[in-house]
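# Report on the structure
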Amino acid sequence: MEIRRYTERDWPGTWTIWREVITAGESYDNAPDSTEDQAREHWLLPAPWEQWVAVDGDEVLGMYKVGPNRGRLGAHVANASFMVSSRASGRGLGRTLGEHCLDRARELGFAAMQFNAVVSTNTVAVRLWRSLGFTIVGTVPDAFQSTKHGLVDLHIMHRYL
């Protein structure tokens with residue numbers, strides 16, 4: 001498996017993963033019926049954002065994007081989003097992408113990374129981010145409408161780089 005910068009030829013695999021993750025309605029607040037154009041607009045943010053993919057041959061198995069959490073005076077703190085295909089579940093790809101992203105954020109000169117909305121019932125993600133040094137710095141009660149669990153909390157997670 002290789003992790004490399006996203007190129008346009010990766011879009012079909014990226015779109016497939018997007019649909020799978022967003023349709024599940026358990027980790028992102030995008031509408032489950034988001035169009036392909038809406039997915040592109042959300043995922044393919046312009047520079048200084050970067051998009052990366054994990055590929056096995058030509059198959060996209062996971063992806064992340066990294067960039068500033070806020071503008072101007074808050075731009076020293078990174079933000080990132082991750083998606084992994086169910087075809088790669090249980091293979092450590094989330095951890096590999098998380099570690100790669102943290103290294104990339106350091107290379108880009110960020111001082112810290114913050115996740116603004118980690119769904120509390122996404123226990124795999126919460127456990128992963130904690131194991132990579134993130135702490136929960138705040139919790140917003142009932143801020144996410146889970147398709148399986150109803151109203152659940154969102155965590156704000158942070159770590160210094």
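Remember, predicted model here, so these are calculated numbers, not experimental data.

## Describing the overall build of the protein
Secondary structure summary: the protein contains four helices and seven strands in total. Written out in order from the N terminus, the α and β elements of the protein read β-α-α-β-β-β-α-β-α-β-β. Relative to its length of 161 residues, the protein is compact, with a C-alpha radius of gyration of 15 Å against a globular reference of 15 Å. Over its C-alpha atoms, taken along the principal directions, the protein stretches across nearly 40 × 40 × 30 Å. Summarising the internal contacts of the protein: among those between residues at least 6 apart in sequence, 61% fall at separations of at least 24.

## Some remarks on the environment of Y28
Mapped onto the secondary structure, Y28 falls in the loop between α1 (11–24) and α2 (36–43). Counting along the chain gives 22 residues from Y28 to Y6, while the straight-line C-alpha distance between them is 21 Å. Contact partners of Y28, with chain neighbours within four places excluded, come to V21, I22, W43, S81, F82, M83 and F144.

## Details of helix α3 (residues 93–107)
The first and last C-alpha atoms of α3 sit 21 Å apart over 15 residues, in line with the 21 Å expected at 1.5 Å per residue. Just beyond α3, the residue with positive phi is G109, at close to 90°.

## Considerations on the sheet that holds strand β6 (residues 135–146)
Pairing within the open sheet is mixed, and its seven strands lie in the order β1-β2-β3-β4-β5-β7-β6. Edge positions in the sheet fall to β1 (2–5) and β6, since each of these pairs with one other strand and no more. Along the sheet, successive strands turn relative to each other by an average axial angle of 25°, direction set aside. Relative to strand β4 (residues 77–84), strand β3 (residues 59–68) runs antiparallel, the two sharing seven bridges. Each bridged residue has a counterpart across the sheet, and for P68 the counterpart in β4 is A78. Strands in contact with α1 are β2 (50–56), β3 and β4; relative to β3, the strand with the most contacts, it is inclined by about 80°. This element, α3, spans β1, β2, β3, β4, β5 (112–119) and β7 (150–160) of the sheet and lies at about 35° to β3.

## Brief notes about the packing of aromatic side chains
Going through the model one piece at a time under the given rule, you end up with eight aromatic pairs. Here the aromatic rings of F115 and W129 are separated by 4.9 Å at their centres, their planes lie at 55°, and the arrangement is tilted. With F115 in strand β5 and W129 in helix α4 (residues 123–131), the pair connects residues that are 14 residues apart, well separated along the chain. For F115, a relative accessible area of 5% corresponds to the buried category. Put simply, the rings of W52, Y64, F82, F115, W129 and F134 pair up and form one aromatic cluster.

Analysis parameters
Residues numbered from 1 in each chain as written. Predicted model: local features only at pLDDT ≥ 70, side-chain atom pairs only at ≥ 80, totals over all residues. Heavy atoms only, no water. Helix = DSSP H or I, 4+ residues; strand = E, 2+ residues; numbered from the N terminus. Rg over C-alpha atoms; globule rule 2.2 N^0.38 Å. Contact = heavy atoms within 4.5 Å. Expected span 1.5 Å × (residues − 1). Pairing = 2+ DSSP bridges. Axes fitted to C-alpha atoms, helices over the stretch in contact; angles between N-to-C directions. Phe/Tyr/Trp six-rings, centres within 6.5 Å; stacked < 30°, edge-to-face > 60°. Buried < 20%, exposed > 50% of the residue type's maximum accessible area, 1.4 Å probe, protein only.

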